[in-house]
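A closer look at the structure
The primary structure of each chain is shown beneath.
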Amino acid sequence: MVNQKIKSIFKRGSKTYYYSSIFFPKQVREDVSTLYSFVRMADDYVDAIPQKKKEFFDFVSQYHKALDEGKESGNLVIDEFIKLIKKQDFDPDWIDAFLHSMAMDTYKNTYDTIDELKEYLYGSAEVIGLMMAKIMDLPEESYESARYLGRAMQYINFIRDVEEDIRLNRLYLPRNTLEEYGLQSLNYEEISGNKKNFKGFINEQIDLYFEWQKKAEEGFKYIPRRYLIPIKTASDMYKWTARKIRIAPFIVYENKIKPSKLLIVKQGLSNTLLGNTKIFKSNPLKRKGKVC
């Protein structure tokens, strides 16, 4: 049974993922909690104000030492995650890529192009999609779509968290595209005088999100029905967030757009009821009688 501390870190860190995950079978839900408690703890260090650099790098050292020596670190989150690595046969390079992206947050504040950003996106989000694919025991054919899903969700986080990232002195959205709209920053003082340009910029970023999300959904056919319900629920909530921002882009400066617990659970129940109809018709595993 997953430790209460791990569960609470996951619950505190992501409402959308946490309440979507309740639709997983128990063992998968516990593995997902272990994964997200590890990534959340690392992320919390680099997102703290002031930034907790020493604590982050100590965390990384603890992880590597425990993994290399095969001994417990004394940090419950690290120790349970290493058990998960071995259980699910995660590629250690995935975890290294994740920790590298988190380390980038300690020294890199801006990204000039989307291609430059993709290095960060791979480690901060795409490898999480790959680890989720392993937890669900999906075929390797699904891995590209798993990466796109992680990338798409992270990109909506960047759009949603513009105000928060300004406080952290960060700009994840590509600077060259921003400048094409005549904007030098996303500081409210500047964009308030260029509302039309800001709206155009945000809409272009949301279009990119939907492009990546569409590629992600091509892989839904590989996900067994019982696992697809929570995955689709989380995806639906990110699309809900994107549409809310598209309607009123300046809302990102007013409050953090997040679906409520009730909305997430209602969407999960709706997807469960639809489980035998349109969202699962293309699932080849369902037709073969291998669905969990």
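Here's what I pulled together on the structure shown here. (Residues numbered from 1 in each chain as written. Predicted model: local features only at pLDDT ≥ 70, side-chain atom pairs only at ≥ 80, totals over all residues. Heavy atoms only, no water.)

1. Some remarks on the packing of helix α13 (residues 225-247) against helix α14 (residues 261-273)
Packing of α13 against α14 leaves a shortest axis separation of 9 Å and a crossing angle of 135 degrees. Between α13 and α14, the crossing angle belongs to the class labelled oblique. Like other packed secondary-structure pairs, α13 and α14 cross with a definite hand, here right-handed. Residue-level contacts link Arg 225, Ile 229, Lys 232, Thr 233, Asp 236, Met 237 and Trp 240 of α13 to Leu 263, Ile 264, Gln 267, Gly 268, Asn 271 and Thr 272 of α14. Residues of the contact of α13 with α14, tallied by class, amount to five nonpolar, five polar and three charged. (Axes fitted to C-alpha atoms, helices over the stretch in contact; angles between N-to-C directions. Helix = DSSP H or I, 4+ residues; strand = E, 2+ residues; numbered from the N terminus. Parallel < 35°, antiparallel > 145°, perpendicular 65-115°, else oblique. Left-handed = near helix turned anticlockwise from the far one by under 90°. Contact = heavy atoms within 4.5 Å. Nonpolar A, V, L, I, M, F, W, Y, C, P; charged D, E, K, R; others polar.)

2. Description of the nonpolar core
Counting 92 residues, the largest nonpolar core has Leu 35, Phe 38, Phe 81, Ile 95 and Leu 186 as its most contacted members. In contact with Leu 186, not counting residues within four places along its chain, are Val 162, Ile 166, Leu 171, Leu 173, Leu 178, Ile 191, Phe 198, Phe 201 and Tyr 253. (Core = buried A, V, L, I, M, F, W, Y, C linked by side-chain atoms within 4.5 Å. Buried < 20%, exposed > 50% of the residue type's maximum accessible area, 1.4 Å probe, protein only.)

3. Comments concerning helix α8 (residues 143-160)
Structurally, the α-helix is built with 3.6 residues per turn, so residues lying three or four positions apart point the same way. The end-to-end C-alpha distance of α8 is 26 Å, a good match for the 26 Å that 18 residues give at a rise of 1.5 Å each. Extensive coverage of α8 is indicated by the burial of 16 of its 18 residues. (Expected span 1.5 Å × (residues − 1).)

4. Some details on the pattern of salt bridges
One pass over the structure, following the stated rule, counts 22 salt bridges. Of the charged contacts in the structure, one is a salt bridge between Arg 40 and Asp 44, with a shortest N-O distance of 3.4 Å. Here Asp 44 and Arg 40 lie together in helix α3 (residues 26-47), a separation of four residues that amounts to about one turn. By relative accessible area, Arg 40 is classed as partly exposed at 23%. Two residues, Asp 47 and Arg 170, come together in a salt bridge whose shortest N-O distance is 2.6 Å. (Salt bridge = Lys/Arg side-chain N within 4 Å of Asp/Glu carboxyl O.)

5. Observations regarding the packing of helix α1 (residues 4-13) against helix α5 (residues 76-88)
If you want to describe how two helices pack, look at the angle between their axes and the distance between the axes. At a minimum axis separation of 10 Å, α1 and α5 run at an interaxial angle of 95 degrees. When the interaxial angle is binned, α1 and α5 end up roughly perpendicular. Contacts between α1 and α5 pair Lys 5, Ile 6 and Ile 9 from the former with Leu 76, Val 77 and Glu 80 from the latter. Across the contact of α1 with α5, the residue classes break down as four nonpolar, no polar and two charged.

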